[in-house]
Amino acid sequence: HTHVKGVDVLLRAFSTVVKAHPALKLIQIGGGPLTDNLKKLAEDLGIASSLLFLGPKPSSEVLTYIQNSLALVLSSRKSHDGAEEAFGLVLNEASACGIPCIGTRVGGIPEGIVHGETGYVVPSEDPMALADAINRLIDAPALAVEMGRKGRALVCEKFNLKKQTAK
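To keep things clear, this report deals only with the structure shown in the data block. (Residues numbered from 1 in each chain as written. Predicted model: local features only at pLDDT ≥ 70, side-chain atom pairs only at ≥ 80, totals over all residues. Heavy atoms only, no water.)

## Some remarks on the pairing of strand β2 (residues 51-55)
Regular strands place side chains that alternate from one sheet face to the opposite one.
Alright, step 1. Side-chain alternation along β2 places Leu51, Phe53 and Gly55 on a buried face and Leu52 and Leu54 on a face that remains uncovered.
Alright, step 2. Where strand β1 (residues 26-29) and β2 come together, four bridges link them in parallel fashion. In the strand pairing of β2, isoleucine 27 is matched with leucine 52.
Alright, step 3. Handedness of the crossover is the feature at issue here: the chain leaves β1, passes through helix α2 (residues 35-45), returns alongside β2, and the resulting connection is right-handed. (Buried < 20%, exposed > 50% of the residue type's maximum accessible area, 1.4 Å probe, protein only. Helix = DSSP H or I, 4+ residues; strand = E, 2+ residues; numbered from the N terminus. Pairing = 2+ DSSP bridges. Right-handed = clockwise from strand over helix to strand, strands pointing away.)

In structure tokens:
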């Protein structure tokens, strides 16, 4: 976990979401120097029992978790020195699995999500906007499925290896 990943913003958003959807679980995969701070924040927000910090996992396991998720959320922010996430490859992986994505308007993240079609793009540092996007997918399962379908079609078209190699 690094500051640029914005996991703290996701935890704050999730603390709102879980009030309306107490059975929901947030799964966080990855690790880093902020893990202990993020676990403490989860405790402070009262969501520790709804959160799974899995640490680093091999890509095959990550894929299984993605395939069984309601949505993938990438809550990145600009770093203190202004650097931004270049492109969230995990967005393409989730879309290829038919999973809708929610990401922040940072760096290359908006390139992987068509707002309102394959998921939602929200401002960074805005837990309420993030919570609202998550709730919209939970409250409209048919919409989530349709967004996932459109996301898969987009990835198959836009990121097709043969087509991209030819270009």
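Moving on, there is more to tell.
## Describing helix α6 (residues 141-158)
Alright, step 1. Here α6 is 18 residues long and its end C-alpha atoms lie 25 Å apart, about the 26 Å a rise of 1.5 Å per residue gives.
Alright, step 2. By the burial criterion, the buried members of α6 are Ala144, Met147, Gly148, Gly151 and Val155. Along the axis of α6, the buried residues cluster in a sector spanning 105°; they form a single face. More than 90 degrees from the buried face of α6, the exposed residues found are Ala142 and Val145.
Alright, step 3. Summarising the contacts, the buried residues of α6 are in contact with α4 (89-96), β5 (119-122) and α5 (127-139). (Expected span 1.5 Å × (residues − 1). Arc of directions from axis to C-beta. Contact = heavy atoms within 4.5 Å.)

## Describing the sheet that holds β5
Hydrogen bonds between backbone groups are what pair the strands of a sheet, and the pairing can be parallel or antiparallel.
Alright, step 1. The three strands are arranged β3-β4-β5 in an open sheet whose pairing can be described as parallel. At either end of the open sheet lies a strand with only one pairing partner, and these are β3 (72-74) and β5. Averaged over all pairs of adjacent strands, the angle between their axes in this sheet comes to 10°, without regard to strand direction.
Alright, step 2. Sheet topology note: the β3/strand β4 (residues 101-104) ladder contains three bridges and is parallel. Among the inter-strand pairings, valine 73 is bridged to a residue of β4, identified as isoleucine 102. (Axes fitted to C-alpha atoms, helices over the stretch in contact; angles between N-to-C directions.)

## Description of the nonpolar core
Alright, step 1. The biggest cluster of nonpolar side chains holds 27 residues, and the ones touching the most others in it are Leu11, Ile102, Leu130 and Ile134.
Alright, step 2. Looking at this core, the elements with two or more residues in it are α1 (7-20), α2, β2, β5, α5 and α6.
Alright, step 3. Tallying contributions element by element places α1 first for this core, with eight residues.
Alright, step 4. In this view, leucine 130 contacts Val9, Leu10, Ala13, Val73, Ser75, Ile102 and Val122; residues no more than four positions away in its chain are not counted.
Alright, step 5. Residues Val62, Leu74, Ala94 and Val121 belong to the second largest nonpolar core, which totals 11 residues. (Core = buried A, V, L, I, M, F, W, Y, C linked by side-chain atoms within 4.5 Å.)

## Considering the packing of α5 against α6
Alright, step 1. Contact geometry of α5 with α6 gives a least axis separation of 5 Å together with a crossing angle of 105°. The angle between α5 and α6 falls in the class roughly perpendicular. In this structure, α5 contributes Leu137, Ile138 and Asp139 to the contact, and α6 contributes Pro141, Ala144 and Met147.
Alright, step 2. A per-class count over the contact of α5 with α6 returns five nonpolar, no polar and one charged. (Parallel < 35°, antiparallel > 145°, perpendicular 65-115°, else oblique. Nonpolar A, V, L, I, M, F, W, Y, C, P; charged D, E, K, R; others polar.)

## Considerations on a nonpolar patch on the surface
Alright, step 1. Judged by side-chain polarity, Ile27, Leu52 and Tyr65 come together as a nonpolar surface patch covering roughly 230 Å² of accessible area.
Alright, step 2. On the basis of relative accessible area, isoleucine 27 is assigned to the partly exposed category, the value being 36%. (Patch = residues over 30% accessible without salt bridge, like charges linked within 9 Å, V, L, I, M, F, W, Y side chains within 5 Å. Areas by Shrake-Rupley, 256 points an atom, 1.4 Å probe, with all protein chains shown as cover. Salt bridge = Lys/Arg side-chain N within 4 Å of Asp/Glu carboxyl O.)

## Observations regarding the pattern of salt bridges
Alright, step 1. For the coordinates displayed, the defined rule picks out seven salt bridges.
Alright, step 2. Measuring nitrogen to oxygen at the nearest pair gives 2.6 Å for the salt bridge that ties arginine 149 to glutamate 146. Residue arginine 149 and its partner glutamate 146 are located together in helix α6, separated by three residues, close to a single helical turn.
Alright, step 3. Overall, the relative accessible area of 47% leaves arginine 149 in the partly exposed class.
Alright, step 4. One salt-bridge network, held together by shared partners, links Asp8, Arg77 and Glu125.

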